[in-house]
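Architecture and fold: a report
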Amino acid sequence: MQLSSYEDLRARLLSHAVTCEEVVRFYLERIDAHRDDNIYITVFHERALDRARSLDKKLRDGGRPGKLFGMPLAIKDNIAIKGSNLTCASKILEHYESVYDATSVQRLDQEDAVFLGKTNMDEFAMGSSNENSSFGNVPNPFDKTRVPGGSSGGSAAAVANGLAMVALGSDTGGSVRQPAGFCDIVGMKPTYGRISRYGLVAFASSFDQIGVLARNCDDAALVLGVMAGKDGRDATSSSHVVPDYASEITSVSVEGLKIGVPKEFFPESLNQDVSRMVKGKLAELRDKGAELVDITLPDSAYAIAAYYVLVTAEASANLARFDGARYGYRSKDATDLATMYVSSRTEGFGREVKRRIMLGTYVLSAGYYDTYYKKAQQVRRVFQDRYREALEKVDVIAGPTSPFPPFGIGDKTGNPLEMYLADVFTVPASIVGMPAVSVPLGFDTLNLPVGMHLVCNFFEEGKLLGIAKLVQRFQ
Ligand code: GLN
């Protein structure tokens, strides 16, 4: 079954050329054939088939098909689906089952989507390679010795391998965009507040956003449109009107498009192939009528430092709830309350999560709060001002998604600081809260995927995906 887009699948479903059950069986068989790749933590074999059969019945009975009728979706395992595991790829939540649906899941469900299962990830979404999962690595779909990116590595590999049509990920500093770039697919993180975070397990609440991984921009826009909008259960969700993304996409034209190109995004150290391919694409867009505008974002060097101070601070508070008493894993050896807390957390969390809890606790401590946390907050404000100013002059800011193509499994696990640099180009949009997307540029000289990163102004998701679509079309 060759399925190029949801539009194609929908036409076949509604004309009864194929049934939902056949489509879901097709995907489940592919998932089973790829079992060794560790892409899914949980597969909904029966549940997905039951759902497909009830959708087929609905159509036969003359029911109105929802906007996502029969769309096979994968969900990152830090987003809640009622009655299913919600592990966050952590031992501490290994046997935890969610008692409610995330708002995004509920909205997809209402539009007749089908959930195939929960995907692998870095533990609590902390990482850039999926190597911090307590359920094992995921290989890159194009080179099994390399990583798929992270933290939404399972979601990206699922879409790239055809084990789901679209997947949800979460993006705190790049976790949707960077793995999309590493797996040759589209990955978009909307404006902070565009999608409710209710039911998304918190890592750093002022950064976290649910994002979409898809093969093309139209599918991403469709799913985004269903999930976006105010939710009474998340006070930070925005009541900004949800536009018709499909029509916004088509109204974008390359003619006269102003693309801001910050020189800071092309440092000497940038991988040669990445640099050549991103610059080549920009030149191509210029030849088609876009205007390339040299801009400068002089504070870029501070992005990673500020990000890791702020997100670890928030993570240390958010992860305090996992104490062995309320959720998940409890140490067997504890003899009193204090050792129960300490042993449950010591045994339940992985190394990177513990490192971040310690870092976050440190930067929030009385003696260091002003030096680190307060300073990083000030840097965040400066970034917001700089990006706002830049986007008054240009339509979009462009650069590479990652400074290097997918790296080898194990190459960076010994050096966390080097791993953190994988996010150097994606983190700024998260610091400012603007929407950003990674769009595939094709393959480098080693046959590894390279992505281009685009950032637009707040709530310009339609325009952003329209520009991304232009980039993809000229491939
Ligand atoms: N790789 C980044 C980190 O480890 C981003 C993670 C994310 O976006 N969830 O924090």
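Use the structure listed above.
This text gives an overview of the structure that appears in the document. (Residues numbered from 1 in each chain as written. Predicted model: local features only at pLDDT ≥ 70, side-chain atom pairs only at ≥ 80, totals over all residues. Heavy atoms only, no water.)

Before going further, it helps to examine a nonpolar patch on the surface. A contiguous nonpolar surface patch, about 290 Å² in accessible area, is contributed by Leu337, Tyr341 and Val342. Here Tyr341 lies in helix α11 (residues 337-348). (Patch = residues over 30% accessible without salt bridge, like charges linked within 9 Å, V, L, I, M, F, W, Y side chains within 5 Å. Areas by Shrake-Rupley, 256 points an atom, 1.4 Å probe, with all protein chains shown as cover. Salt bridge = Lys/Arg side-chain N within 4 Å of Asp/Glu carboxyl O. Helix = DSSP H or I, 4+ residues; strand = E, 2+ residues; numbered from the N terminus.)

The strand order β1-β3-β2-β4-β6-β5-β10-β11-β9-β7-β8 describes an open sheet built from 11 strands, whose pairing is mixed. The sheet is open, and its two edges are formed by β1 (40-43) and β8 (291-295), each paired on a single side. The average undirected angle you get between the axes of adjacent strands in this sheet is 30°. As paired elements, strand β9 (residues 396-400) and strand β11 (residues 449-455) share 4 bridges and run antiparallel to each other. Bridge pairing links Gly399 to His453 in β11. Against the sheet, helix α13 (residues 369-393) touches β7 (258-262), β8, β9 and β11, its axis set at about 110° to β9. (Pairing = 2+ DSSP bridges. Axes fitted to C-alpha atoms, helices over the stretch in contact; angles between N-to-C directions. Contact = heavy atoms within 4.5 Å.)

On to the environment of Ser251, then. Mapping Ser251 onto the fold places it in the loop between α8 (245-250) and β7. A C-alpha to C-alpha distance of 9.1 Å links Ser251 and Gly462, two positions 211 residues apart in sequence. At 2.9 Å, the side chain of Ser251 forms a polar contact with the backbone oxygen of Glu248. (Polar contact = N/O pair within 3.5 Å; in protein donor to acceptor, adjacent residues only side chain to side chain.)

Here the focus is unusual backbone geometry. The omega torsion of the bond from Gly150 to Ser151 falls at 10°, within 30 degrees of zero and hence cis. Tracing the chain through its elements places Ser151 in the loop between β3 (114-119) and α5 (153-160). At Ala89, a residue that is not glycine, the phi angle is positive and equals roughly 55°. Looking at the element boundaries, Ala89 is found in the loop between β2 (72-76) and α4 (103-110).

Now for the packing of helix α10 (residues 303-318) against helix α12 (residues 351-364). Interhelical geometry of α10 versus α12 gives an angle of 100° and a closest axis separation of 7 Å. Here α10 is positioned roughly perpendicular relative to α12, judged by the angle of their axes. Along the contact surface, α10 presents Tyr308, Val309, Thr312, Ala313 and Ser316, while α12 presents Arg356, Ile357, Leu359, Gly360, Thr361, Val363 and Leu364. Residue composition of the contact of α10 with α12, grouped by class: 7 nonpolar, 4 polar and 1 charged. (Parallel < 35°, antiparallel > 145°, perpendicular 65-115°, else oblique. Nonpolar A, V, L, I, M, F, W, Y, C, P; charged D, E, K, R; others polar.)

Counted by the stated rule, this structure contains 19 aromatic pairs. Between Phe124 and Phe322, the ring centres sit 5.1 Å apart and the planes meet at 50°, which makes this aromatic pair tilted. Residue Phe124 is found in the loop between β3 and α5, and its partner Phe322 is found in the loop between α10 and α11; the two are separated by 198 residues along the sequence. Taking relative accessible area as the criterion, Phe322 reaches 4% and is therefore assigned buried. Between the aromatic rings of Phe383 and Tyr387, the centroid separation amounts to 6.4 Å while the plane-to-plane angle is 20°, which identifies the pairing as stacked. Here Phe383 and its partner Tyr387 are both found in helix α13, 4 residues apart, which amounts to about one turn of the helix. Residues Phe383 and Tyr387 agree in their burial class; the two are buried. A network of ring pairs unites the aromatic residues Tyr96, Phe124, Phe322, Tyr327 and Phe349 as a single cluster. When the ring centre of Phe44 is taken as origin, the NZ or CZ atom of Arg47, which lies over that ring, is 5.0 Å away. (Phe/Tyr/Trp six-rings, centres within 6.5 Å; stacked < 30°, edge-to-face > 60°. Buried < 20%, exposed > 50% of the residue type's maximum accessible area, 1.4 Å probe, protein only. Lys NZ or Arg CZ within 6 Å of the ring centre and 35° of its normal.)

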